[in-house]
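This is what each chain is made of:
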Amino acid sequence: MPCLSLFFLFLLLLLLLAPAAFGQTASCADFLAAQRRKPPGLEWTGCAEGHLHQLRALTATYRVPGAQAAAVERYLARHTGMARLHFVCCGWEPRSRHRGREGAGSLPGPQGLAYRVSMHSGETLVTRRGGWGAIPWFEVSVVLPLEPP
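Since we're looking at a predicted model, the values are computed, not measured.

### Here we look at the overall build of the chain
If you tally the helices and strands in the chain, you get 3 helices and 7 strands. Along the chain, helices (α) and strands (β) appear in the sequence α-α-β-β-α-β-β-β-β-β when read from the amino end. Within the chain, the fraction of its 149 residues that count as buried is 33%. Partitioning the intrachain contacts of the chain with sequence separation of at least 6 by distance along the chain shows that 60% fall at a separation of at least 24. Accessible area of the chain: about 9200 Å², with a carbon and sulfur share of 61%.

Structural data, given as structure tokens:
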């Protein structure tokens, strides 16, 4: 019986300490500027706490005019491994070459977690890269999970 009590005490302690261990002490910020990875022309629009695949996360959002989007896309591909943008249905989003899977990039984050970096347009009829100047804004999202998967 004492062994079982010790186990439950250990489990309770683990649950109480887990939030700090998995980055819940992190706060919203301009994540790309903090890492000195913010490309020219990218404007930080804010940060909010929300969810990524049912996990709590912080999301910093940015925007870039369509005319400058290709340069930001190249920068993010080079520095985060994000895939090139492709037109899918109604907008532009990163897609890897492997069966159309999502192609978000990543950057090292605090306490062993990784920032997830992606770029997309809103709904648009522009289906060719040469027309990106007609798209008012592209958005970049940098997501930091606050708990492990």
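### Some thoughts on the nonpolar core
Counting residues in hydrophobic clusters, the biggest one holds 27 residues, and the most contacted among them are Met119, Phe138, Val140 and Val142. Those elements giving two or more residues to this core turn out to be α2 (31–34), β2 (55–65), α3 (69–80), β6 (114–121) and β7 (137–145). Those residues in contact with Val142 that sit more than four places away from it in its chain are Phe31, Leu32, Leu58, Thr59, Ala60, Tyr62, Tyr115, Arg116 and Val117.

### Considerations on the packing of aromatic side chains
With the rule as written, the count across this model stands at 4 aromatic pairs. An angle of 45° between the planes, with centres 4.9 Å apart, marks the rings of Phe31 and Tyr115 as tilted. Here Phe31, found in helix α2, pairs with Tyr115, found in strand β6; they are 84 residues apart in sequence, far enough to count as distant. Each of the two residues, Phe31 as well as Tyr115, counts as buried. Members of the aromatic cluster, each reached through a chain of ring pairs, are Phe87, Trp92, Trp132 and Phe138. Over the face of the ring belonging to Trp137 we find Arg63, whose NZ or CZ atom lies 3.7 Å from the ring centre.

### Focus: the sheet that holds β2
With respect to topology, 5 strands assemble into an open sheet ordered β1-β2-β7-β6-β5, the strand pairing being antiparallel. Each of the sheet's edge strands pairs with one partner strand only, and the pair in question is β1 (43–52) and β5 (105–108). When the angles between neighbouring strand axes are averaged without regard to direction, this sheet yields 25°. Here β1 pairs with β2 via 9 bridges, running antiparallel. When the bridges of β2 are listed, Ala48 appears paired with Thr59. Packing against the sheet, α3 makes contact with β2, β5, β6 and β7, and its axis sits at approximately 155° to β6.

Rules and cut-offs
- Residues numbered from 1 in each chain as written.
- Predicted model: local features only at pLDDT ≥ 70, side-chain atom pairs only at ≥ 80, totals over all residues.
- Heavy atoms only, no water.
- Helix = DSSP H or I, 4+ residues; strand = E, 2+ residues; numbered from the N terminus.
- Buried < 20%, exposed > 50% of the residue type's maximum accessible area, 1.4 Å probe, protein only.
- Contact = heavy atoms within 4.5 Å.
- Areas by Shrake-Rupley, 256 points an atom, 1.4 Å probe, with all protein chains shown as cover.
- Core = buried A, V, L, I, M, F, W, Y, C linked by side-chain atoms within 4.5 Å.
- Phe/Tyr/Trp six-rings, centres within 6.5 Å; stacked < 30°, edge-to-face > 60°.
- Lys NZ or Arg CZ within 6 Å of the ring centre and 35° of its normal.
- Pairing = 2+ DSSP bridges.
- Axes fitted to C-alpha atoms, helices over the stretch in contact; angles between N-to-C directions.

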